[in-house]
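In case you want the letters, here they are:
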Amino acid sequence: MKRSTFLMSWLGAPALAQSSELEQRIRALLPSEAENGFMQVPWRTNIMEAIAEAGRANKPVFLWVMNGNPLGCA
Amino acid sequence: MLLTGGPLNSWWQQQVRSARREWGGGSTQGYYVFGADGNAVLGDNFIPRIPSLLDRGHQLWRQNPARPVGVSEQNIRNAQTAVAPPGTSIIRLFNRIRPVPPGASEMNAMLGRDYLWITADEVRELLSAGAGGQSFAMPRGVVARLAVFHLVDNIRGQVWPWQPQSVSRANFTARLVRANGGARMFSFSGDYAKRDSRPPQWNDRGQEGRVEGEFEVDVTTAKITRFRAIADSLAWSDATYDRNGAPPSGRYPLLTAMVEANDELAQRVAPEPAAQGGSFYLNVRLAR
């Protein structure tokens with residue numbers, strides 16, 4: 001605990017000052033609501049589980065295929 | 001989930017052939033409708049036609065009454081994405097070209113996304129190295145994954161992979177800035193540079209930049225509970241292989257934002273370079 005207190009007073013203030021600017025710069029790069037719109041669909045990530053589920057529910061499956069996972073990669 | 005090049009490959013090729021009569025091999029990217037019998041009935045790869053694809057797919061589905069679908073546990077395992085080792089911290093990355101240079105393809109205004117895995121062992125290494133308050137080198141695996149796989153221009157689509165030997169500089173150091181009960185906050189920064197050539201796809205591709213950030217670790221679980229970082233770089237590429245649009249000409253500004261991802265989706269989507277197996281991704285190291 002003594003070391004914690006020491007480090008906080010020694011190094012804490014500059015890190016917090018930097019943090020606010022960092023947050024702002026990051027926020028400016030995050031996806032917009034429109035860019036994240038497709039994420040509102042409850043996508044399944046395993047085609048075989050989806051096919052089994054669709055079979056039980058008697059529903060068709062819509063599949064989106066691309067190079068890189070559509071939910072997180074390029 | 002890997003459809004090509006893995007255990008689902010022959011099943012998937014068969015589905016594409018039956019859903020897209022015009023398909024003559026090559027990329028299977030696109031949109032597909034599967035009937036409830038587990039077989040693809042329609043496929044296309046043109047965004048403006050998605051509504052008509054859905055309408056037609058629905059009609060075809062109605063014409064083919066559902067049959068029992070046999071999906072085995074092995075089928076499900078074959079379709080599973082690589083899973084992070086237990087205790088792994090996951091960071092979400094967002095890449096943008098900002099500002100997009102005048103005259104560049106509009107595709108350069110898009111957003112690149114990916115995930116970074118940091119293992120529990122690497123977090124424990126950070127905790128141990130930083131205990132005295134001095135600056136220390138970030139774990140080699142984390143540096144290599146960032147430099148090779150993640151600090152990249154994936155704005156227009158999947159990246160032609162970089163190799164560790166193309167990275168000429170990646171010096172990332174961290175320092176403990178605060179300890180509060182069971183939490184430790186670190187800051188980190190570093191410079192990186194890489195360059196390669198692969199004619200005829202491109203003769204000169206490169207990136208030089210600096211990364212700065214901070215993160216908080218829960219000591220008990222060795223998990224990163226908060227991560228904020230940004231990489232600010234200049235990139236260049238004379239690549240011509242990308243049909244979606246060329247990169248901007250000359251050197252252009254490429255930014256990467258990184259934030260922790262503790263949601264369920266982050267557990268289900270592997271980093272793009274880990275799609276064929278987490279081991280290759282986790283074990284990459286720089287030569288120097």
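What follows concerns the overall build of chain A. Along its length, chain A carries two helices and one strand. Beginning at the N terminus, the succession of helices and strands in chain A can be written as α-α-β. Across the 74 residues that make up chain A, the buried fraction comes to 41%.

A word on the pairing of strand β1 (residues 61-65) of chain A. In β1(A), alternate side chains face the same way, and those of A:V61, A:L63 and A:V65 are buried while those of A:F62 and A:W64 on the opposite face are not. Bridge count between β1(A) and strand β1 (residues 30-34) of chain B: five bridges; the pairing is antiparallel. By the bridge assignment, A:L63 is partnered in β1(B) with B:Y32.

Once that is clear, we can look at the interface of chain A and chain B. One frequent convention defines the size of an interface as the accessible area lost when the parts assemble. The interface is formed by 51 residues belonging to chain A together with 63 residues belonging to chain B. In terms of surface lost to chain B, no three residues of chain A exceed A:L29, A:M48 and A:V65, which account for 14% of the buried area on that side. Inspection of the region where chain A meets chain B yields four salt bridges. Of all the secondary-structure elements, those providing two or more residues to the side of chain A that touches chain B are α1 (2-27), α2 (47-57) and β1 of chain A.

Its domain assignment divides chain B into domain 1 (9-78) and domain 2 (89-283). Placing a centre on the C-alpha atoms of domain 1 of chain B and another on those of domain 2 of chain B gives a separation of 35 Å.

For any part of a model where pLDDT is low, the fine detail of the predicted coordinates should not be relied upon. On average, residues of chain A carry a pLDDT of 75, and 72% of them reach 70 or more. The spread of mean pLDDT over the elements of chain A runs between α1(A), the lowest at 57, and β1(A), the highest at 92.

Below, the discussion takes up the sheet that holds strand β2 (residues 40-44) of chain B. Across the sheet, which stays open at both edges, the three strands sit in the order β1(A)-β1(B)-β2(B) with antiparallel pairing between neighbours. Of all strands in the sheet, those with a lone pairing partner are β1 of chain A together with β2 of chain B, marking the two edges. Across the sheet, the mean angle from the axis of one strand to that of its neighbour is 20 degrees, orientation sign disregarded.

Residues and elements named next belong to chain B. If you look at the biggest cluster of nonpolar residues, it comprises 54 residues, and the most contacted ones within it are W117, M138, F215, F227 and M258. Element by element, the count of residues in this core is highest for helix α5 (residues 140-150), at seven residues. Ranked by size, the runner-up nonpolar core spans 19 residues in total, among them L8, W23, A40 and A79.

Calculation rules
Each chain carries its own residue numbering, running from 1 in the written order of its sequence. Following the order in which they are written, the chains are lettered starting with A and the ligands numbered starting with 1. Residue-level local features of this predicted model are given only where pLDDT is at least 70; pairs of side-chain atoms are given and counted only at 80 or more, and the full residue set underlies all totals for whole chains, interfaces and linings. To obtain the side-chain values, all non-hydrogen atoms of the structure were included, while hydrogens and water were left out. Only DSSP runs of H or I covering at least 4 residues are called helices, and only runs of E covering at least 2 are called strands; the numbering of each starts at the N terminus. With a 1.4 Å probe rolled over the protein chains alone, any residue whose accessible area is under 20% of its type maximum counts as buried; one over 50% counts as exposed, and the rest are partly exposed. In this scheme, strands are said to pair when DSSP sees at least two bridges between them. Contacts were defined at the residue level, with two residues in contact if any of their heavy atoms lie within 4.5 Å. Take the accessible area each of two parts loses on contact, using a 1.4 Å probe, and add the two losses: that sum is the buried area. Here a salt bridge means any side-chain nitrogen of Lys or Arg lying within 4 Å of a carboxyl oxygen belonging to Asp or Glu. By convention here, the domain bounds are inherited from an automatic or database domain assignment. Within a predicted model, pLDDT stands for the predictor's per-residue confidence, ranging from 0 to 100. Every axis corresponds to a line fitted to the C-alpha atoms, with the helix fit spanning only the stretch in contact, and the corresponding angles, defined between N-to-C directions, vary from 0 to 180 degrees. What makes a nonpolar core is a set of buried Ala, Val, Leu, Ile, Met, Phe, Trp, Tyr and Cys residues whose side-chain atoms join them at distances within 4.5 Å.

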